[in-house]
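A look at the structure
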Amino acid sequence: MKTPTIIILSGPSGAGKTTLLNKVFRKKNIKGKFIRAISYTTRKIRPKEKNGRDYFFISKRKFLQLREKGFFLENQKVLDNYYGTAKYFYDRAVKENKNLILCIDVKGGMYLKKKQKEGKIVTLFIAAPSELDLFKRLKMRTEAMQTIQKRITLAKKEMKVSKQYDSIIINKDLSKSLKELEKVILRAT
Ligand code: 5GP
C-alpha cells in the first residue's frame, strides 16, 4: 500500500476551480488514479448544485457535532459558513491505492501542508485574471451584492497566500488552464 499524494487546489470563489476540476476529472488517466473528496458545508445550496455531488449540505449543529467527534481531516470557517473534508476520503485513497484531490480554501490548504506528515502534498492555486473578471463571474452566479463584495475582499487576502503555493494557474483561457492543471496533477503522482 502506498501513502496517497494529496493535491490541494485553492483559489477565490469564482476563479474557476470547480469547472477546471470537473473537466480534468473526466480524463481517464486522472480518474483512475485519484479520489476527489466531496466537502461537508453549512452553506446554503445554490440553484444548480446537488447534495452529495457538489457538497454534502448539512446544518451547523450537525457540522459541529461531527467536528467534535474528529470526523474531519481539516475544516475551516470561510466567510460565514463551515467547510470540512472528511477523513474517510483519505482512508479510502489509502485502501484503493489512489491519490486524493481536495478543493479547499487557503487556510485549510496551509493547515494540511503543515500538519500532514505522511505522503506528498502538492499545492496549486487557481487565480482569476483580474478583479473585474472575478466580479463578473460571481455576478453570473446571481450571488447577492453583499456576498460578492465579501468574496472579493477575501480573494484579495487569498492572493497574498498564493505565494506559498507550489504552483499558480491564472485561469484566463479555460483549455490552456486545463492542460496546465492536468500536467501538474500527473507530475505529482
Ligand atoms: P464556495 O462557498 O464558493 O463553494 O466555497 C467557499 C470556499 O470554501 C472556497 O475557497 C472553497 O474552496 C472552500 N472549501 C470548500 N470545501 C472546503 C473544505 O472542505 N475545507 C476548506 N478548508 N475549505 C473548503
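Structure first, text after, so check above.
Quantities reported herein were computed from a predicted structural model and do not represent experimental measurements.

Adjacent strands of a sheet pair through backbone hydrogen bonds, lying either parallel or antiparallel. Pairing within the open sheet is parallel, and its five strands lie in the order β2-β7-β1-β8-β9. If you trace the sheet from one side to the other, it starts and ends with β2 (34-36) and β9 (167-170), each paired once. Going from strand to strand, the sheet's axes swing by 20° on average, the running direction of each strand aside.

Now for unusual backbone geometry. The backbone phi angle of L79 is positive, close to 50°, even though this residue is not glycine. With respect to the helices and strands, the residue L79 is situated in the loop between β5 (72-78) and β6 (81-86). Backbone geometry places N97, a non-glycine residue, at a positive phi of 60°. By secondary structure assignment, the location of N97 is in the loop between α4 (87-95) and β7 (99-103).

Overall, mixed pairing links the four strands, which are arranged β4-β3-β6-β5 in an open sheet. A strand with exactly one partner marks an edge of an open sheet, and here the two such strands are β4 (56-57) and β5.

Neighbouring the ligand are 19 residues; S39, R43, Y55, E74 and Y83 lie closest to it. The side chain of S13 places a nitrogen or oxygen atom 2.8 Å from an oxygen atom of the ligand. Residue R43 places a side-chain N or O atom 2.6 Å away from an oxygen atom belonging to the ligand. Across the complex, the protein chains shield 96% of the 510 Å² of accessible surface that the ligand would expose by itself. In a pocket analysis with a 2 Å cut-off to the grid points, the ligand is assigned to the largest pocket.

A word on the nonpolar core. As a rule of thumb, soluble globular proteins bury nonpolar side chains together. In terms of nonpolar packing, the biggest core is built from 26 residues, with I6, I8, Y40, F89, L100 and L102 touching the most fellow members. Residue assignment for this core shows that the elements contributing at least two residues are β1 (6-10), α3 (60-68), β5, β6, α4, β7, α5 (106-115) and β8 (121-127). Discounting residues that sit within four places of it in the chain, L100 has contacts with T5, I6, I7, F34, I35, A37, F89, Y90 and A93. One finds I7, V24, F25 and I185 within the second-largest nonpolar core, a separate group that totals 18 residues.

Inspection of every chain in the model, using the stated rule, returns nine salt bridges. In this structure, R46 and E49 form a salt bridge, with 3.7 Å as the shortest nitrogen-oxygen distance. Like E49, R46 is buried. Within the structure, one salt-bridge network assembled from shared partners comprises R43, R46 and E49.

Counted as a void, the largest pocket has a volume near 1,400 Å³. Lining the largest pocket we find 47 residues, and of these T18, R43, R46, E49 and R141 sit closest to its centre. At the level of secondary structure, the elements contributing two or more residues to the lining of the largest pocket comprise α1 (17-24), β5, β6, α6 (131-140) and α7 (145-161). It is α1 that provides the largest number of residues to the lining of the largest pocket, a total of five residues. When its residues are assigned to classes, the lining of the largest pocket shows 16 nonpolar, 15 polar and 16 charged. Put simply, the second largest pocket is a space of about 250 Å³. Around the second largest pocket, the lining is made up of 13 residues, and of these R43, N81, E143, T147 and R151 lie nearest the centre. At the level of secondary structure, the elements contributing two or more residues to the lining of the second largest pocket comprise β6 and α7. Considering each element in turn, the lining of the second largest pocket owes the most residues, three residues, to α7. Class assignment of the residues belonging to the lining of the second largest pocket gives a composition of three nonpolar, three polar and seven charged.

Rules used throughout
- Residues numbered from 1 in each chain as written.
- Predicted model: local features only at pLDDT ≥ 70, side-chain atom pairs only at ≥ 80, totals over all residues.
- Heavy atoms only, no water.
- Pairing = 2+ DSSP bridges.
- Helix = DSSP H or I, 4+ residues; strand = E, 2+ residues; numbered from the N terminus.
- Axes fitted to C-alpha atoms, helices over the stretch in contact; angles between N-to-C directions.
- Near = heavy atom within 4 Å.
- Polar contact = N/O pair within 3.5 Å; in protein donor to acceptor, adjacent residues only side chain to side chain.
- Areas by Shrake-Rupley, 256 points an atom, 1.4 Å probe, with all protein chains shown as cover.
- 1 Å grid on protein atoms, 1.4 Å probe; cavity = no way out; pocket = protein on both sides within 12 Å on 5 of 7 lines; lining within 4 Å.
- Sits in = over half its atoms within 2 Å of the grid points.
- Core = buried A, V, L, I, M, F, W, Y, C linked by side-chain atoms within 4.5 Å.
- Buried < 20%, exposed > 50% of the residue type's maximum accessible area, 1.4 Å probe, protein only.
- Contact = heavy atoms within 4.5 Å.
- Salt bridge = Lys/Arg side-chain N within 4 Å of Asp/Glu carboxyl O.
- Points joined across faces, edges and corners; volume = space filled by probe spheres on them.
- Nonpolar A, V, L, I, M, F, W, Y, C, P; charged D, E, K, R; others polar.

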